Amino acid sequence: MTPTRAVSLVAKREFVTKVRTRSFLIGTAVIIAVLAGYVVLQSVLFDDQQRSVVGLSGQATQLADPLRQKAKAFGIDVETRDVTTMESAEQQVRDGSLDALVTGAPPELKMIVKGSGDEVLATALNDVLQQQVLVAQLAEAGINPQQVAQNLANVKVDVTALEPVDPQRGQRLAIGLIVAALLYYSLLVYGTMVAQGVVEEKSSRVVEILLATVRPWQLLLGKVIGLGAVGLLQLLVISTVGLVLSSAFDVIDVGAVGGTALLTGVLWYLLGFFLYATVFAAAASLVSRQEELQSVLTPISMTIIVAFVAGINLMIGSPSGPTVTVLSLLPPFAPILMPGRMALGVAPAWQVLLAIVFALAAIAAITWLGGKVYANAVLRTGARVKLREALRA
C-alpha cells in the first residue's frame, strides 16, 4: 500500500465515522440555532436602540415635526403619538408602550420616562426646545428667525482627518471577534477530539492492528486530516449560515467584509489545526487511559485559551498596537489573532505573509517532533510515558 493510499484511507475513516455521529449533527444544529438566535436578538436590539416612541400632550404636540427631524439627525427614528389623558399616557410609559411622554409648552417642557430615559432623545428634545425659544425671542426682537437660521447653517467647522475613517470598522471588529471565537472553538474541540481518538485506539489495542498495516506517521497524518476536514466542514456550515442570517437581518454588510473574512478563517483554521492537532495527538500518545488525558492536554489547551482571551481584549483595545502585532506573528497565537486583525484591515500584507511563513515552519518542526513522539509512545501501554523517554526511544 502506498503512503498516500494509507493516509487517505485513515482520513476517510475518521471523517465518515465522525460526521455520521449524532453528536456531530446535534452539536452543529445547536450551534446554528444559538447563532441564529444571537443574530435575531442583535437585530431586534439594534432596531430598538434606533427607534423611540414619544407621546405628546397639550401644546407639546406642535413639536412633533421638529422633534422627528432633530432625532433623525442624531441617528434615531422617533415615532410621535398624541395623547389625551395624562393617566393613560403615564401608564403607557410604565408598561413600555411609550419610551417618553412630553407635556407642557415652550419654554417649560416636561419629559416623563420610566427609568433613566434615553440621553440621545433628551438631547434632541433640548435642542428642539432651545430652537423654539430662540425663534420666539428673535420674533419679539423684530429679527427674521429664518434669516438667522440660514446664516447659522452656513457656519461650520472645517474638519481635517489625518487618517481616513473606515465606516465599516464596527462591522469589521464584530466579524474579527466572531472569526476568532469560531477558530478558538474549532481548534480546542477538534484538537481534543484527535487526542481522545489516539487514547481510545491505544487503550483498546486497536492501534496495534492498524500499525501492522500502516506506519505511525501515516496513521497520525490521516487522523489529523480526517478530523480536520470534519472541523472545516462544520466551520464552513456555521459561517455560511451566519453570513446568510446576518445579511438577511441587516446586521452586517456581508458583501463588503463577510466573504473575505470567511476565506481568511478557512486559511488560518487549516494552519492552526495542523499546528495544534499534531501536538494534541503526540501528547495523547503518552498516556493509555482517558482519565490521564487531561493532564497532558492542559498546557496545550491553556495556550489556546490565553491566545483567545488576550487576543479579544487586545483587538478591542488596540488591534494595531505593538503587543498584538508581535503576538499575531508568533505561531501559537497567529491562528486566532491574525484573522481578526485581517478582518479589521490593520494587518499589512508583509505581516500576514510573515505569520504564514512562521506558521508553516512551526507546522513542519512540530509534525516531525510530534510524529517522533507518537511513533515511540503509541505502542507503550501502562504507566504514562515521559516525554524525554519518547524522544530518546
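Residues numbered from 1 in each chain as written. Predicted model: local features only at pLDDT ≥ 70, side-chain atom pairs only at ≥ 80, totals over all residues. Heavy atoms only, no water.

Attention now moves to the packing of helix H9 (residues 216-248) against helix H14 (residues 349-377). Running from amino to carboxyl end, H9 crosses H14 at an angle of 115°, the nearest separation of the two axes being 9 Å. The chirality of how H9 crosses H14 is right-handed. Contact residues: H9 offers Pro 216, Leu 219 and Leu 220, while H14 offers Gly 370, Gly 371, Tyr 374 and Ala 375. Of the residues assigned to the contact of H9 with H14, the class counts are five nonpolar, two polar and no charged. (Axes fitted to C-alpha atoms, helices over the stretch in contact; angles between N-to-C directions. Helix = DSSP H or I, 4+ residues; strand = E, 2+ residues; numbered from the N terminus. Left-handed = near helix turned anticlockwise from the far one by under 90°. Contact = heavy atoms within 4.5 Å. Nonpolar A, V, L, I, M, F, W, Y, C, P; charged D, E, K, R; others polar.)

Here we come to helix H13 (residues 334-344). Extensive coverage of H13 is indicated by the burial of ten of its eleven residues. Immediately beyond the C-terminal end of H13, within one or two residues, lies Gly 345, with a positive phi of roughly 80°. (Buried < 20%, exposed > 50% of the residue type's maximum accessible area, 1.4 Å probe, protein only.)

In a regular helix each residue adds 1.5 Å, so 25 residues correspond to 36 Å; helix H11 (residues 293-317) covers 36 Å between its end C-alpha atoms and thus fits that length. Looking at H11, one finds that the buried residues are Leu 293, Val 296, Leu 297, Ile 300, Ser 301, Ile 304, Ala 307, Phe 308, Gly 311, Ile 312 and Met 315. (Expected span 1.5 Å × (residues − 1).)

On to the packing of helix H3 (residues 64-73) against helix H5 (residues 119-140). Contact pair H3 / H5: the axes reach a minimum separation of 9 Å and the direction vectors enclose 130°. If you check the angle between H3 and H5, you find them oblique. Seen from above, H3 lies across H5 with right-handed handedness. Contacts between H3 and H5 involve Pro 66, Leu 67, Lys 70 and Ala 71 from the first element and Ala 124, Leu 125, Asp 127, Val 128, Gln 131 and Gln 132 from the second. (Parallel < 35°, antiparallel > 145°, perpendicular 65-115°, else oblique.)

Here we come to the side chain of Gln 234. Structurally, Gln 234 can be placed in helix H9. Judged by its relative accessible area of 3%, Gln 234 is buried. If near-sequence neighbours (up to four positions away) are discounted, Gln 234 is found in contact with Phe 24, Gly 27, Thr 28, Ile 31, Tyr 185 and Tyr 190.

A few words now on the environment of Ser 204. Checked against the element boundaries, Ser 204 lands in the loop between helix H7 (169-203) and helix H8 (206-210). Taking the C-alpha atoms as reference, Ser 204 lies 9.2 Å from Ser 288; in sequence the two are 84 residues apart.

A few words on the packing of aromatic side chains. Each aromatic ring pair is characterised by the separation of its centres together with the angle its planes make. Summed over the entire model, instances satisfying the criterion amount to two aromatic pairs. Between the aromatic rings of Tyr 269 and Phe 273, the centroid separation amounts to 5.6 Å while the plane-to-plane angle is 25°, which identifies the pairing as stacked. Placement of both Tyr 269 and Phe 273 in helix H10 (residues 254-284) is noted, with a separation of four residues, approximately one turn of the helix. Since its relative accessible area comes to 2%, Phe 273 is described here as buried. (Phe/Tyr/Trp six-rings, centres within 6.5 Å; stacked < 30°, edge-to-face > 60°.)

On to the nonpolar core, then. As a rule of thumb, nonpolar side chains are buried together in soluble globular proteins. Counting 65 residues, the largest nonpolar core has Trp 268, Phe 273, Leu 293 and Leu 297 as its most contacted members. Once you skip the residues sitting within four places of it in the chain, Trp 268 turns out to touch Leu 183, Ala 334, Pro 335, Met 338, Pro 339, Met 342, Val 352, Ala 355, Ile 356 and Ala 359. Counting 14 residues, the second-largest nonpolar core is a separate cluster that includes Val 54, Leu 56, Leu 67 and Ala 100. (Core = buried A, V, L, I, M, F, W, Y, C linked by side-chain atoms within 4.5 Å.)

Okay, the sheet that holds strand S4 (residues 108-112) next. Pairing within the open sheet is mixed, and its four strands lie in the order S2-S1-S3-S4. At either margin of the open sheet sits one strand with a lone partner, and together these are strand S2 (77-82) and S4. Across the sheet, the axes of successive neighbouring strands diverge by a mean angle of 25°, strand direction being ignored. Bridge analysis of strand S3 (residues 100-105) against S4 gives five bridges, and the strand direction is antiparallel. What sits directly across from Val 102, in S4, is Met 111. Of the strands in this sheet, S2, S3 and S4 are in contact with helix H4 (residues 86-94), which crosses S3 at around 145°. Across the sheet, H5 lies against strand S1 (51-56), S2, S3 and S4, angled at about 165° from S4, the strand it touches most. (Pairing = 2+ DSSP bridges.)

A contiguous nonpolar patch, built from Ile 26, Val 30 and Val 34 and spanning about 260 Å² of accessible area, is present on the exposed surface. With respect to the element layout, Val 34 can be found in helix H2 (residues 22-49). (Patch = residues over 30% accessible without salt bridge, like charges linked within 9 Å, V, L, I, M, F, W, Y side chains within 5 Å. Areas by Shrake-Rupley, 256 points an atom, 1.4 Å probe, with all protein chains shown as cover. Salt bridge = Lys/Arg side-chain N within 4 Å of Asp/Glu carboxyl O.)

Here Val 128 is to be found in helix H5. Apart from residues no more than four positions distant in its own chain, Val 128 is found in contact with Leu 63, Pro 66, Leu 67 and Lys 70.

Counting across every chain of the model gives four salt bridges. Note that Glu 14 and Arg 13 form a salt bridge whose closest N and O atoms lie 2.9 Å from each other. Its salt-bridge partner being Glu 14, residue Lys 223 comes within 2.7 Å of it at the nearest N-O pair. Within this pair, whereas Lys 223 is found in helix H9, its partner Glu 14 is found in helix H1 (residues 3-19), the two being separated by 209 residues in sequence. Here the two residues Lys 223 and Glu 14 agree in accessibility, since each one is buried. Here the residues in one salt-bridge network are Arg 13, Glu 14 and Lys 223, joined through shared partners.

So, about the side chain of Thr 278. Mapped onto the secondary structure, Thr 278 falls in helix H10. Not counting chain neighbours up to four residues away, the residues in contact with Thr 278 comprise Leu 220, Val 224, Phe 273, Ile 366, Thr 367 and Gly 370.

What follows concerns the pairing of S1. S1 sits mainly inside the fold: five of its six residues count as buried. As paired strands, S1 and S3 are joined by three bridges and run parallel to one another. Residue pairing in the sheet places Gly 55 in a bridge with Leu 101 of S3.

These values are about where atoms sit, not about what they do.
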